[in-house]
Amino acid sequence: MVQEKSEKQMDLLQGTLDLLILKAVSLGPLHGYGVLLRIQQISGEELAIQQGSLYPALYRLEHKGAISSEWGESENNRKAKFYQLTALGRALLGEETEKWNRMSGVISTILRARPEEA
Amino acid sequence: MSKAENRDHGSGIRAGIRSLAAQLRSWLRVLAHRNRLEAEMETELAFHLEQLAADLIRAGQSSTEAARNARVALGPTLLHKEDMRASLGLRLLDELRSDLRYATRMVRRSPGFSMIAVSSLALAIGANTAIFSVAKQILYARLDVPHAEQLRMLRWNGDGKEAVHSMWGDFDSSPNGTTSSVFSYPVYKQLRDRNQSLQTLIAFKEDSMNATVRGAAQRVVVSMVSGNFYEGLGVRPQLGRVIYPSDDNLSASGAVALISDAIWERDFNRSPSVLGQIFTLNQTAVTIVGVNPAGFTGAKNVQQSPDIFIPLCMQPLVDPKGQEGDLLNSSSLWWVNVVGRTRLDVTESQAQAALSVQLDAAVRATMSIESGDSMPRLALVDGSRGLHYTDQIFKKPIDVLMALTGLVLLLACANIANLILARGAARKREISVRLAMGAGRARILRQLLTESLLLSVLGGVVGLGMGYLGRNLIPDLMSNSWEQGQLNMPFDWGVFGFAATVTLLTGVLFGIAPAWTGAHFEMSNSLKETAQTTTRRHKGLSGRLLVAFQIALSTLLVVVAGLFLRSLYALNHVDVGFKADNLLLFEVNPPASRYRAGEDVRLHGRLEQKFAALPGVESVAPAWQAYITEGGSNGDFLPEGEAFDPASARGSSPIQLA
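Reading the values: rules and limits
- Residues numbered from 1 in each chain as written.
- Chains lettered and ligands numbered in written order.
- Predicted model: local features only at pLDDT ≥ 70, side-chain atom pairs only at ≥ 80, totals over all residues.
- Heavy atoms only, no water.
- Helix = DSSP H or I, 4+ residues; strand = E, 2+ residues; numbered from the N terminus.
- Buried < 20%, exposed > 50% of the residue type's maximum accessible area, 1.4 Å probe, protein only.
- Contact = heavy atoms within 4.5 Å.
- Areas by Shrake-Rupley, 256 points an atom, 1.4 Å probe, with all protein chains shown as cover.
- Buried area = accessible area lost by both parts, 1.4 Å probe.
- Salt bridge = Lys/Arg side-chain N within 4 Å of Asp/Glu carboxyl O.
- Polar contact = N/O pair within 3.5 Å; in protein donor to acceptor, adjacent residues only side chain to side chain.
- Nonpolar A, V, L, I, M, F, W, Y, C, P; charged D, E, K, R; others polar.
- Core = buried A, V, L, I, M, F, W, Y, C linked by side-chain atoms within 4.5 Å.
- Pairing = 2+ DSSP bridges.
- Axes fitted to C-alpha atoms, helices over the stretch in contact; angles between N-to-C directions.
- Left-handed = near helix turned anticlockwise from the far one by under 90°.
- Parallel < 35°, antiparallel > 145°, perpendicular 65-115°, else oblique.
- Patch = residues over 30% accessible without salt bridge, like charges linked within 9 Å, V, L, I, M, F, W, Y side chains within 5 Å.
- Lys, Arg positive; Asp, Glu negative; His and termini not counted.
- Charge placed at Lys NZ, Arg CZ, Asp CG, Glu CD.
- Phe/Tyr/Trp six-rings, centres within 6.5 Å; stacked < 30°, edge-to-face > 60°.

Draft legend 1. Spatial organisation of the overall build of chain B. A count of helical and extended segments in chain B gives 21 helices and 17 strands. Counting over 658 residues, chain B shows a buried share of 40%. Within chain B, contacts between residues at least 6 apart in sequence are counted, and of these 76% link residues at least 24 apart. Total accessible area computed for chain B in this model is approximately 36,600 Å², and 59% of it derives from carbon and sulfur atoms.

Draft legend 2. Fine view of the interface of chain B and chain A. Across the boundary between the two partners, chain B contributes 29 residues, which contact 28 residues of chain A. Of the roughly 2,500 Å² buried between chain B and chain A on both sides combined, carbon and sulfur atoms contribute 59%. Counting the surface chain B buries against chain A, the share from its top three residues, Glu44, Phe47 and His48 of chain B, is 24%. The tally of links from chain B across to chain A stands at 3 salt bridges. Salt-bridge contacts for Lys81 of chain A lead to Glu44 of chain B; the nearest nitrogen and oxygen are separated by 3.9 Å. Our count for the chain B to chain A interface comes out at 11 residue pairs in polar contact (both at pLDDT 80 or more). Mapped onto the side of chain B that touches chain A, the elements with two or more residues apiece are α1 (2-32), α2 (34-58), α3 (63-74) and α4 (77-87) of chain B. Broken down by element, the side of chain B that touches chain A gets its largest block of residues, 13 residues, from α2 of chain B. Of the residues that constitute the side of chain B that touches chain A, the class distribution is 13 nonpolar, 9 polar and 7 charged.

Draft legend 3. Structural context of the nonpolar core. Residues and elements named next belong to chain B. Grouped together as the largest cluster of nonpolar side chains are 55 residues, with contacts concentrated most on Phe183, Leu281 and Ile308. No other element matches strand β6 (residues 198-213), which puts 6 residues into this core. The contacts of Leu281, once residues within four sequence positions are left out, are Met209, Asn210, Ala211, Val220, Val222, Val286, Ile308, Ile310 and Val318.

Draft legend 4. Structural detail: the sheet that holds strand β4 (residues 67-73) of chain A. All names here are of chain A. In space, the 3 strands of this open sheet follow the order β2-β5-β4, with antiparallel pairing throughout. The strands lining the two open edges of the sheet, one partner per strand, are β2 (30-31) and β4. By the bridge criterion, 7 bridges tie β4 to strand β5 (residues 79-85) in an arrangement that is antiparallel. Its bridge partner being in β5, Gly72 is matched across the sheet by Ala80.

Draft legend 5. Focus on the packing of helix α6 (residues 111-140) of chain B against helix α17 (residues 493-519) of chain B. Residues and elements named next belong to chain B. The N-to-C vectors of α6 and α17 enclose an angle of 145 degrees; their axes lie 10 Å apart at closest approach. You can see that α6 and α17 cross each other, and the crossing is right-handed. Where α6 approaches α17, its residues Leu121, Ile125, Asn128, Thr129, Phe132, Ser133 and Lys136 are matched on the opposing element by Gly494, Val495, Phe498, Ala499, Val502, Thr503, Thr506 and Phe510. A per-class count over the contact of α6 with α17 returns 8 nonpolar, 6 polar and 1 charged.

Draft legend 6. View of the environment of Phe549 of chain B. Residue and element names in this part refer to chain B. Assignment of secondary structure puts Phe549 in helix α19 (residues 541-572). Along the backbone, Phe549 and Leu410 are 139 residues apart, and their C-alpha atoms lie at a distance of 9.8 Å. Once residues within four sequence positions are removed from consideration, Phe549 is found in contact with Leu410 and Ala414.

Draft legend 7. Inspection of the pattern of salt bridges at higher detail. Throughout the structure, instances matching the rule amount to 26 salt bridges over all chains. A salt bridge links Glu599 of chain B to Arg602 of chain B, with the shortest nitrogen-to-oxygen separation between them at 3.3 Å. Within this pair, Glu599 of chain B and its partner Arg602 of chain B are both found in helix α20 (residues 599-613), separated by 3 residues, close to a single helical turn. Each of Glu62 and Lys81 of chain A together with Arg29 and Glu44 of chain B takes part in a single network of salt bridges with overlapping partners.

Draft legend 8. Structural view of the packing of helix α3 (residues 51-64) of chain A against α4 of chain B. One way to put it is that α3 of chain A packs onto α4 of chain B with a least axis distance of 8 Å and a crossing angle of 15 degrees. Of the possible angle classes, the one that applies to α3 of chain A and α4 of chain B is roughly parallel. Here the hand of the crossing between α3 of chain A and α4 of chain B comes out right-handed. Across the interface between the two elements, Gly52, Tyr55, Pro56, Tyr59, Arg60 and His63 of chain A from α3 of chain A touch His80, Asp83, Met84 and Ser87 of chain B from α4 of chain B. By residue class, the composition of the contact of α3 of chain A with α4 of chain B is 4 nonpolar, 4 polar and 2 charged.

Draft legend 9. Summary view of a positive patch on the surface. There is a patch of like positive charges on the surface, built from Arg97, Arg101, Arg105 and Arg109 of chain B. With respect to the helices and strands, the residue Arg105 of chain B is situated in helix α5 (residues 91-109).

Draft legend 10. Summary view of the environment of Asp600 of chain B. Its place among the elements puts Asp600 of chain B in helix α20. Between the C-alpha atom of Asp600 of chain B and that of Pro590 of chain B, which follows or precedes it by 10 residues, the distance is 7.0 Å.

Draft legend 11. How the structure looks around the packing of aromatic side chains. All names here are of chain B. Under the criterion given, the structure shown has 12 aromatic pairs over all chains. Arranged with centres 3.9 Å apart and planes meeting at 5 degrees, the rings of Phe132 and Phe498 form a pair that is stacked. With Phe132 in helix α6 and Phe498 in helix α17, this residue pair connects regions lying 366 residues apart in the sequence. Both residues of the pair, Phe132 and Phe498, count as buried.

Draft legend 12. Summary view of the pairing of strand β4 (residues 177-180) of chain B. Residues and elements named next belong to chain B. Judged by which residues are buried, β4 turns out to be covered on both faces: Gly177 and Thr179 on one side and Thr178 and Ser180 on the other are all buried. Judged from the 3 bridges that link them, strand β1 (residues 151-158) and β4 form a sheet pairing that is antiparallel. Residue Gly158 lies in a different strand from β4, and its bridge partner there is Thr178. The pairing of strand β3 (residues 171-174) with β4 spans 4 bridges and is antiparallel.

Draft legend 13. View of the pairing of strand β11 (residues 284-291) of chain B. All names here are of chain B. Extensive coverage of β11 is indicated by the burial of 6 of its 8 residues. The pairing of strand β8 (residues 239-240) with β11 spans 2 bridges and is classified as antiparallel. Of the residues in β11, the one forming a bridge with Gly240 is Gly290. One ladder, built from 4 bridges, connects strand β9 (residues 256-259) with β11; its direction is parallel. Of the residues in β11, the one forming a bridge with Leu258 is Gly290. Here strand β10 (residues 278-281) pairs with β11 via 4 bridges, running antiparallel. Bridge pairing in β11 places Phe279 opposite Val286. Hairpin connection of β10 to β11: 2 residues between the antiparallel strands, including Asn282 at a positive phi of 45 degrees.

Draft legend 14. Examining a nonpolar patch on the surface more closely. Residue and element names in this part refer to chain A. Where nonpolar side chains cluster on the molecular surface, the patch consists of Met103, Val106, Ile107, Ile110 and Leu111 and spans about 510 Å² of accessible area. Inspection of the secondary structure puts Ile110 in helix α4 (residues 87-112). Among the residues examined, Ile110 registers a relative accessible area of 55% and is labelled exposed.

Nothing here speaks to function; it is geometry throughout.
Put into structure tokens, the structure is as follows:
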């Protein structure tokens, strides 16, 4: 499931990890490793995530109140910390998604520009 | 569109506040369970590694290979944990804690230096705190009534030839004219009844009287107040009732009184059965109807409360003065103080103008104005601190004391800064090593400042304790045996805040220069020096400036102290014109209702004989005003054989006994 970083994997854009984590936990409570797996799974293994930066990001989001955590049992009956989206996090996710869509729309418009149009 | 934006904006702010609240909660939670946090971070990362390794094994790796690869993929956990703590906003706190731990170690390692620094700081901060508490109380404290800032005291100014010839109360005459805060009762009544520019006009007068409470006679200060006094000031009793406008009529409600919290405590043991009890005041039986709240000091001053409050209409009964005894109907003697509250819809100058016109009318209506008499002019002054005599007397000495103790504190700062600078030279190696190992200069600066602040906080804590113990020292020094009266200096949050601010400022003041020079020097040179090299005394500009500053300041303080001592010596050796040793001074106040005019003179004659007969008494001398007791009396006199001529008497200067 977890692959060595291959040539075709892309590095994550600066500042987008928080957004991806919010999206991942919006689909249901997950532990830290689960967040990593879900992002990789949805991205079709296209994204390389620095695993070490995952936890500081999770803690930052929890500190901001966007996600909350609870200790529970993992699939293989181990003690694990599960994260889930709060109401504040849901609002944040909506906001950030919209911002991202607008930004990517603008950037792709710019990149599509042809010489005669400019 | 704009509506939507507004909504967006509003929800953004709401979300921001919610996030802030969440951060605060998270912070507190983490602070409360710091150990649990560390354990949880450990468990979480271990779980991650375990799962990762399990997945790698499932992908076909051997267990040792999988464990190694998992660790590589996750990266250094120590660093991650540091980042996680930083995510929770803990880094600053952790650094502060380590700074403090280090600073504590440094303080302990040089106990001599620390003792000198802390004790000199404690002395300076303690002196500043004690004097500030006195200054705050005497110069700035307001009456303990709601909205004291609205209170305005009525005064009048004259040119020295005003129609007011007879006064009982404060009176100042200077080349610029006369000024006083007392009015006649008829004038007050007319002002009050026609007043539309202040909320209400309240009259009061303080005098000392004899009270016999439960069989024991004592000298008490009594405030005689108009019926609207409590209502106008907005003061409620802590027990019983207040004096009402209906009490202005003596025959209706009888002789009633409120007592102060102090009397309630001292003579009645805070018993609620005090209500209805009867005591005698200058031979008149008076019923206690209420107890004033603690902290309420009447309208005259902030420092001390009168012991007893009675309706002003009781004056002829308990405190007769002058020829007829009744001052309520006397328009010639001016004696009551008048205070009012500003109204929101009337400006101060409007109020003053309106009251001036009314005073003029009231004076003309109640007194006969002779030719050559001028009219007193009304002035509204701040009444939030009562008549504030004390600050007129003590303002200068207190300002001087404040300035001097401030200089002492500054000198203590300079001394310690210099000591730290000298020590800083010895610590160059240590700091160089830390710089070389990657510590930032800001971090070193912070570390050195933390050490200074720790010293100053230690000094501040000890100083605060000394200030607390010494807060009554200055009032005790200023009081004399003739006038009883202990001013109590409250030690409140304001004083604590002052001490804390001074402490922190002190720490920064003496710490910043050494810390700056400590953190900014060429480390390469210091590292090259061997341990045997004796570190040179820091020869920077700041060191030399500090020494010059220290010497200048010390000289100034020594000169001032010398001058003070000289003045003190001179004061103790003033020739007062009579032999001042083995003198006993005391005052007798026979109640006027029992010892009427003539009778009181005979009483003093009898007292004089009896005292003279006592063994050990060499001689006895009665006096209307005792020497050098700060009392005074003004009066006109006529040479024998001359007839009283009102026209020439106007403007003649009365003789003054002091």
